[in-house]
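Chain by chain, the residues:
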Amino acid sequence: MAVAAWEPTTLGPAVAAFARRCVGCCAITRAERAKNLLWACGQLGTFAHAVGLDLDPAVVLSESVIERFVVVGSCGFADATRRTLRTNLRYVARSAGPLAGRPGPATLPRQRAKPPYTEAEIAQFLALAEAQPTAARRHRAASLVCLGAGAGLTGMDLRAVTGRHVVARSGGVVVEVAGRRARVVPVLWRFAPRLLEAAAFFGAQYLVGGVAPTRRNVTTPLLAALAGGGDLPPLDCSRLRASWLAAVGGALGLPTFFYAAGITCSQHLGDLVAHLEVVAEPDAVVLLGGAR
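Summarised in this report is the structure supplied together with it. Just so we're clear, the structure is a prediction, and the values are computed from it rather than from any experiment. (Residues numbered from 1 in each chain as written. Predicted model: local features only at pLDDT ≥ 70, side-chain atom pairs only at ≥ 80, totals over all residues. Heavy atoms only, no water.)

Notes on the sheet that holds strand β3 (residues 183-186)
Spatially, three strands are ordered β1-β2-β3 in an open sheet, and the strand pairing comes out antiparallel. Among the strands making up the open sheet, the edge pair consists of β1 (166-169) and β3. Direction aside, the axes of adjacent strands within the sheet are offset by 35 degrees on average. Where strand β2 (residues 172-177) lies against β3, four bridges are found, and the strand directions are antiparallel. (Pairing = 2+ DSSP bridges. Helix = DSSP H or I, 4+ residues; strand = E, 2+ residues; numbered from the N terminus. Axes fitted to C-alpha atoms, helices over the stretch in contact; angles between N-to-C directions.)

In C-alpha cells form, the structure reads like this:
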C-alpha cells in the first residue's frame, strides 16, 4: 500500500513509476522501510534518466550503474547517506535487478580474534620450558612464551629479536622491535626476569632460533616441544599475542571505556588515535604493565 500510494512531488512521473516498480518487487511490509527504498530508487532513476538510460530495472539496477551513481551522481550527499544509498540499492537489485532470483555470492567467514590463554595455561607452558633438556632449549622456549604473552610479538617481529634487543631501562624491560613496524615494547614485568636471562645467554643470537628472521618454521620445534598433552591446549603464537592484548587492555580499562562510549566495533579507533600523542617511554612502561 505504501509503495502504490507514493507520489513524490520532486520527481517526474516516469522516475516515480520506476521507483514504485522496483520497490514493489521487494515485498516490503514496513512503510518507513518502503519509503527509504523508494527515495533511493528515485535518486537512482533521476540519475539514469539524466544520462540517457532507459528506466528499465534490468538496466538501471545493474551493479555498474549503481556504482557509477554512488561515485558520480551522489556527490552532493554526505558520506553516510551515500553508503546507505548503495546498501539500499543493492538490496532492491537483488529482487528487481538483472540478477534477481539468482543465488548471491557466498559469504566468507570473518577472522575473529583468538582467545587468550589463562594464567594457569601460561604457567604450564613456562614450566614445560624449564623442563627442556638443554640450557639453549630452555631459554629459547621461555623466550617464545615471554615475547608472545609478555610483549605481544608474533611473526617477523618475534623471529627478529636478538638478545641485544632486550634492554633493561625506563624502570622495566623493553624490547626494541625492528622492521617495518619498528617500535619499543615494554615487557609485562612477570615475564621480564626470564626474558633478561635468555637475552644474556644468547647475546647477539636470535632468541627463538634460526640464522635469519626471514627463515620460516623457526618456531615449529619450540611449539612442538611445549605441547603438554590432552590437559593443555596447543601453543599458538597468535593466542600468546591475544593473551598480551587482553592483559594490557584490561589494565588500561578498555572494557570500561568501550562500555561507557557505547562502542561495539573498533573501526574508528585508529582514526581517533591518529590525533593522540604516544607517551614517553618511562610512562609507557608504567602504563603497559612493565614497571618493576
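From this point, the narrative continues.
Notes on the layout of surface pockets
Roughly 1400 Å³ of volume is contained in the largest pocket. Around the largest pocket, the lining comprises 34 residues; the ones closest to its centre are L245, L252, L254, L269 and V273. Elements that contribute at least two residues to the lining of the largest pocket include exactly β3, α11 (237-252), α12 (254-261), α13 (269-273) and α14 (281-287). E63, R90, A93, R94 and L99 are the residues nearest the centre of the second largest pocket, which is lined by 15 residues in total. Of the residues contributing to the lining of the second largest pocket, the split by class is seven nonpolar, three polar and five charged. (1 Å grid on protein atoms, 1.4 Å probe; cavity = no way out; pocket = protein on both sides within 12 Å on 5 of 7 lines; lining within 4 Å. Points joined across faces, edges and corners; volume = space filled by probe spheres on them. Nonpolar A, V, L, I, M, F, W, Y, C, P; charged D, E, K, R; others polar.)

Structural notes on the environment of I263
Structurally, I263 can be placed in the loop between α12 and α13. Overall, the relative accessible area of 21% leaves I263 in the partly exposed class. Sequence-distant contacts of I263, defined by excluding residues within four places in its chain, comprise F257, F258 and L269. (Buried < 20%, exposed > 50% of the residue type's maximum accessible area, 1.4 Å probe, protein only. Contact = heavy atoms within 4.5 Å.)

Concerning the pairing of β2
Across the six residues that make up β2, a large majority, five, are buried. Sheet analysis places β1 next to β2, joined by four bridges and oriented antiparallel. Along β2, the bridge assignment pairs R169 with G172. Counted along the chain from β1 to the antiparallel partner β2, the turn is two residues long, and its residue S170 has a positive phi close to 55 degrees. Taking the residues between adjacent antiparallel strands as the criterion, β2 and β3 are bridged by five residues, where G179 takes a positive phi near 100 degrees.

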